[in-house]
Amino acid sequence: MLTVKIAIDGPAGAGKSTIARIVAKRLGLRYLDTGAMYRAVTLAALKKGVSCADEEALLRVATSMDLEIVFEKETKSNLVYLNGEDVTSAIRQPEVNASVSLVSSHKKVREFIVALQKEIGRQGCIVMDGRDIGTVVMPDADWKIFLQASVEERARRRQKELQRNGHAVDLVELEEQIRQRDHSDSTREVSPLRKAEDAIEVDTTHMNIEQVVDKVLAIIKGADEDV
Ligand code: DC
């Protein structure tokens, strides 16, 4: 059976989830937002009062939680259930944003989550987005796209997303958070954020969603003249 695997990586706010979901919908593939899994571990830890610096305790949280990712066929979005509760919105709250990078930097947490992601990848055609999909989770992906955008543009996008969910956050504060997150995501020891050698980089700073989707689909269909 022919399987199609597409890896979409990049820093926070580069548009990965939005683009990956639409590309999956257009191509009729499953979609997995891998960041949601680290966010679920973070939320579970915060709920239990577990320190996000305590690797062993976090591993216990991760291995004991009942995490269910539901692929919605119609919208291709992922609904996230933690111990039976729908936490799809809760994992996007500012408290989780502030701690998820630290949680995802722990080797044992990553090993556990990456094993789950690899298993999902083995189950067939999929579009996955994250930081280490092209390098670690699906190094055998058929296409690897690395989305980039300026810090200022990514902060504006994150602010809009938070506003839609009822959170007001200062733009300068968001830019600083993004810079810090970029730094910790790309300098951590385990699976740092980096472009796979065979990934194609797309700078989305001055592109709207539809333009990025068209560009990615053109790359996949082999019709992109710039590549
Ligand atoms: O994509 P996101 O903002 O929802 O990701 C949340 C955090 O999880 C981010 O700090 C990086 C981390 N992450 C990761 O380390 N590896 C992935 N494959 C996905 C996300």
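Calculation criteria
Residues numbered from 1 in each chain as written. Predicted model: local features only at pLDDT ≥ 70, side-chain atom pairs only at ≥ 80, totals over all residues. Heavy atoms only, no water. Helix = DSSP H or I, 4+ residues; strand = E, 2+ residues; numbered from the N terminus. Rg over C-alpha atoms; globule rule 2.2 N^0.38 Å. Buried < 20%, exposed > 50% of the residue type's maximum accessible area, 1.4 Å probe, protein only. Contact = heavy atoms within 4.5 Å. Areas by Shrake-Rupley, 256 points an atom, 1.4 Å probe, with all protein chains shown as cover. Lys, Arg positive; Asp, Glu negative; His and termini not counted. Charge placed at Lys NZ, Arg CZ, Asp CG, Glu CD. Near = heavy atom within 4 Å. Polar contact = N/O pair within 3.5 Å; in protein donor to acceptor, adjacent residues only side chain to side chain. Pairing = 2+ DSSP bridges. Axes fitted to C-alpha atoms, helices over the stretch in contact; angles between N-to-C directions. Parallel < 35°, antiparallel > 145°, perpendicular 65-115°, else oblique. Nonpolar A, V, L, I, M, F, W, Y, C, P; charged D, E, K, R; others polar.

**Notes on the overall build of the protein**
Okay, so step 1: Helix and strand counts for the protein stand at 9 helices and 8 strands.
Okay, so step 2: Computed over C-alpha atoms, the radius of gyration of the protein comes to 17 Å, within 12% of the 17 Å expected from 2.2 N^0.38 for 227 residues, which places it in the range of a compact globule.
Okay, so step 3: By principal-axis analysis of the C-alpha atoms, the protein measures approximately 50 × 45 × 35 Å.
Okay, so step 4: Going through the 227 residues of the protein one by one, you find that 48% of them count as buried.
Okay, so step 5: Look at the contacts in the protein between residues 6 or more apart in sequence, and 73% of them connect residues 24 or more apart.
Okay, so step 6: Roughly 11100 Å² of accessible area belongs to the protein as shown, and the carbon and sulfur atoms make up 49% of that amount.
Okay, so step 7: Mean positive and mean negative side-chain charge positions of the protein (33 and 37 charges, respectively) differ by 2 Å.

**Observations regarding the site of the ligand**
Okay, so step 1: The environment of the ligand is formed by 16 residues, the closest being R39, R110, R131, D132 and R188.
Okay, so step 2: In the model, a nitrogen atom of the ligand is placed 3.0 Å from a nitrogen or oxygen of the T34 side chain.
Okay, so step 3: In the environment of the ligand, an oxygen atom lies 2.9 Å from a nitrogen or oxygen atom belonging to the side chain of R188.

**Details of the sheet that holds strand β3 (residues 67–71)**
Okay, so step 1: Here 3 strands make up an open sheet; going across it, the order is β3-β4-β5 and the pairing antiparallel. Two strands close off the open sheet at either side, each with one partner strand: β3 and β5 (85–86).
Okay, so step 2: Across 2 bridges, strand β4 (residues 78–82) lies against β5 in antiparallel orientation. Directly across from L82, in β5, lies its bridge partner E85.
Okay, so step 3: The sheet contacts of helix α2 (residues 35–48) involve β3, β4 and β5, and relative to β4 the element is tilted by about 30°.

**Focus on the side chain of K144**
Okay, so step 1: Checked against the element boundaries, K144 lands in strand β7 (residues 143–148).
Okay, so step 2: Classification of K144 by relative accessible area gives buried; the value is 7%.
Okay, so step 3: Within polar-contact distance, the side chain of K144 engages the backbone oxygen of G134 at 2.9 Å.
Okay, so step 4: In this view, K144 contacts A7, G134, M138, P139, A196, D198, A199 and I200; residues no more than four positions away in its chain are not counted.

**Re the packing of α2 against helix α4 (residues 94–104)**
Okay, so step 1: At a closest axis distance of 9 Å, the pairing of α2 and α4 adopts a crossing angle of 110°. Between α2 and α4, the angle falls in the class roughly perpendicular. Contact with α2, carried on its side by Y38, R39, V41, T42, L43 and L46, involves E95, V96, N97, S99, V100, V103 and S104 of α4 and no other residues of that element.
Okay, so step 2: Considering only residue class, the contact of α2 with α4 consists of 7 nonpolar, 4 polar and 2 charged.

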